[in-house]
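# Topology and contacts: notes
Residues per chain, in single letters:
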Amino acid sequence: MGRFRLFGVIVAVASAGCWSMASNTISNSKSNAVTETKPDRTIETKSPAAEPTPPPRPDLSRQIVEGSTFIKSLPQGLAMPKDDAGRLLMREYGAVFVARGGAVPPSKVVFENEADVTAYQRSVKTSVETVGGFRIELQEPAMAALRAAIAAASREGLSISPRGSDSAKRSYGHTVDLWASRVEPGLKYWVSKGRITNADANRIRSLSPFAQVPEILKLESDGVFFAKTLDKSIIYSVAPPGSSQHLSMLALDVKEFENARVRAILAANGWFQTVTSDLPHFTYLGVKESELSGLGLRSVSNSGRTFYVPDI
Ligand SMILES: [Zn+2]
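The present account deals with the structure reproduced in this document. Predicted model only: the values in this text are computed from it and were never measured.

### Side note on the nonpolar core
Judged by nonpolar contacts, the single largest core of 74 residues is most densely connected at Met 90, Leu 146, Ile 160, Phe 226, Ile 234, Leu 266 and Trp 271. Aside from chain neighbours lying at most four places away, what touches Leu 146 is Ile 136, Leu 138, Ile 160, Leu 252, Leu 266 and Trp 271. Counting 8 residues, the second-largest nonpolar core is a separate cluster that includes Val 117, Val 124, Tyr 172 and Met 249.

This is the structure we're talking about:
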C-alpha cells in the first residue's frame with residue numbers, strides 16, 4: 001500500500017461503490033481521456049511519476065463492441081443500456097453482470113428508483129451474517145464464498161471483515177443521498193463560476209436522480225466536474241443512483257484490502273476487484289481467476305493489484 005499512499009490516495013473521496021467509507025481510491029486507468037487537472041487538494045503527492053494521470057472526464061462517446069465475449073456472457077434478460085451514460089456505467093461497473101456461481105445480477109445496468117431496487121433485492125436469496133461486528137447482507141452464494149474465504153484466512157492467522165455496516169447491501173436511497181451530496185455543491189460552484197445558469201441548475205435539481213445522471217455526465221464531458229474535488233468525474237467519487245454494485249448484494253468493502261494475501265484468498269473464493277478506482281471494493285464473480293477472461297473480463301494491473309473489467 002505504500003506506493004498508493006506515495007502516489008496520492010484520494011483521501012476525501014470514495015468511489016464507485018464505497019463512497020460512504022471514503023478514503024482509498026486511485027485513479028481509473030481505463031479511460032484514455034487525459035486532460036490537465038489540478039491535483040486533488042487532499043492528495044499526498046510525493047512520487048506521482050510512476051502512476052497514470054487521473055482521467056478527469058468520462059468518455060461518453062465510446063460505444064460498446066457488439067459480439068464481444070463480455071456481451072455474449074451477459075444474462076439473456078439483461079436490458080442493454082441505450083444511452084451514453086448507461087454504456088459508460090456498464091464499462092465502469094459492469095463486471096458484476098457476468099457473475100456466476102449462483103449469483104443473480106440485476107436485469108438492468110441502472111435501477112430507476114427505490115421500488116425498482118426493492119423488487120430486485122426481494123427476488124434473490126440472501127444471507128445475513130454478523131461479520132467483524134457488522135451485520136451484512138449478501139446473496140447466498142456470495143456469503144457462502146465469503147465464509148469460505150474467512151475460514152481460509154483464519155487458518156493463516158488473518159481476518160477478512162467489512163469496513164462498516166454499509167459494506168455489503170445498500171438501498172437506493174443511500175445511493176441517492178450520496179449523489180446529492182456531490183451534485184448540489186457542484187451546481188452551486190459552477191453557477192458561481194458562470195459555467196451553468198441558475199435556470200439550468202434549477203432544472204437539473206427538479207429532475208429525478210435517475211434523470212440527473214445523464215445530465216451531469218454530459219456537463220462533465222464539457223469539463224464541468226462534480227466529484228467532491230470538482231476536478232474529475234463524479235463517477236470516481238460516488239456511484240450514480242441505482243448503479244452501485246452494492247445494490248446487487250454481490251459487493252463487499254473489505255477492511256483488510258491492503259493485505260495482498262487477503263486479496264489472494266478472496267480471489268481464490270470468487271471475490272475479485274472489478275472497479276479500478278475503488279481499492280476496498282470486491283465483487284463476487286463466483287469463478288476461478290483463470291475463467292474470468294472467458295467471461296469477457298480483462299485484467300488491469302495497477303500498483304500491484306489486478307482488477308477485472310469488462311473488455312468492451
Ligand atoms: Zn464498495
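Let's pick the thread back up.
### Some points on the packing of aromatic side chains
Within this structure, the stated rule accounts for 4 aromatic pairs. Between the aromatic rings of Tyr 189 and Trp 190, the centroid separation amounts to 4.8 Å while the plane-to-plane angle is 80°, which identifies the pairing as edge-to-face. In this structure Trp 190 comes out as buried when scored by relative accessible area, which is 8%. Taken together, a centroid distance of 5.8 Å and an interplanar angle of 80° make the contact between Phe 272 and Tyr 308 edge-to-face. Of this pair, Phe 272 sits in strand β4 (residues 271–272) while Tyr 308 sits in strand β7 (residues 305–310); the two residues are 36 residues apart in sequence, bridging distant segments of the chain. Like Phe 272, the residue Tyr 308 is buried in the burial classification.

### Comments concerning unusual backbone geometry
Positioned with a positive phi, Leu 230 is a non-glycine residue whose angle comes to about 60°. The topology assignment puts Leu 230 in the loop between α8 (209–221) and β3 (251–253). You will see that Met 249, though not glycine, has its phi angle at about 60°, which is positive. If you trace the backbone, Met 249 turns up in the loop between α8 and β3. Residue Met 249 is classed as buried on the basis of its relative accessible area of 0%.

### Some points on the sheet that holds β3
The 3 strands lie next to each other as β3-β5-β4, forming an open sheet whose pairing is antiparallel. The open sheet terminates on both sides in strands that have one partner only, identified here as β3 and β4.

### Some remarks on the side chain of Ser 248
With respect to the helices and strands, the residue Ser 248 is situated in the loop between α8 and β3. Ser 248 gets classed as buried once you look at its relative accessible area, which sits at 1%. Leave out the neighbours within four places in its chain, and Ser 248 touches Val 96, Pro 106, Tyr 120 and Gln 139.

### Considerations on helix α4 (residues 114–123)
For α4, the set of buried residues is Asp 116, Val 117, Tyr 120 and Gln 121. Down the axis of α4, the smallest arc covering the buried residues is 125°, so these residues share one side. Opposite the packed face of α4, turned more than 90 degrees from it, sit the exposed residues Ala 115, Ala 119, Arg 122 and Ser 123. Those residues of α4 hidden inside the fold are in contact with β1 (126–131), β2 (134–139) and α6 (172–192). Of the residues that open α4, the one with a side-chain oxygen 3.2 Å from the backbone nitrogen of Ala 115 is Asn 113.

Cut-offs applied
- Residues numbered from 1 in each chain as written.
- Predicted model: local features only at pLDDT ≥ 70, side-chain atom pairs only at ≥ 80, totals over all residues.
- Heavy atoms only, no water.
- Core = buried A, V, L, I, M, F, W, Y, C linked by side-chain atoms within 4.5 Å.
- Buried < 20%, exposed > 50% of the residue type's maximum accessible area, 1.4 Å probe, protein only.
- Contact = heavy atoms within 4.5 Å.
- Phe/Tyr/Trp six-rings, centres within 6.5 Å; stacked < 30°, edge-to-face > 60°.
- Helix = DSSP H or I, 4+ residues; strand = E, 2+ residues; numbered from the N terminus.
- Pairing = 2+ DSSP bridges.
- Arc of directions from axis to C-beta.
- Polar contact = N/O pair within 3.5 Å; in protein donor to acceptor, adjacent residues only side chain to side chain.

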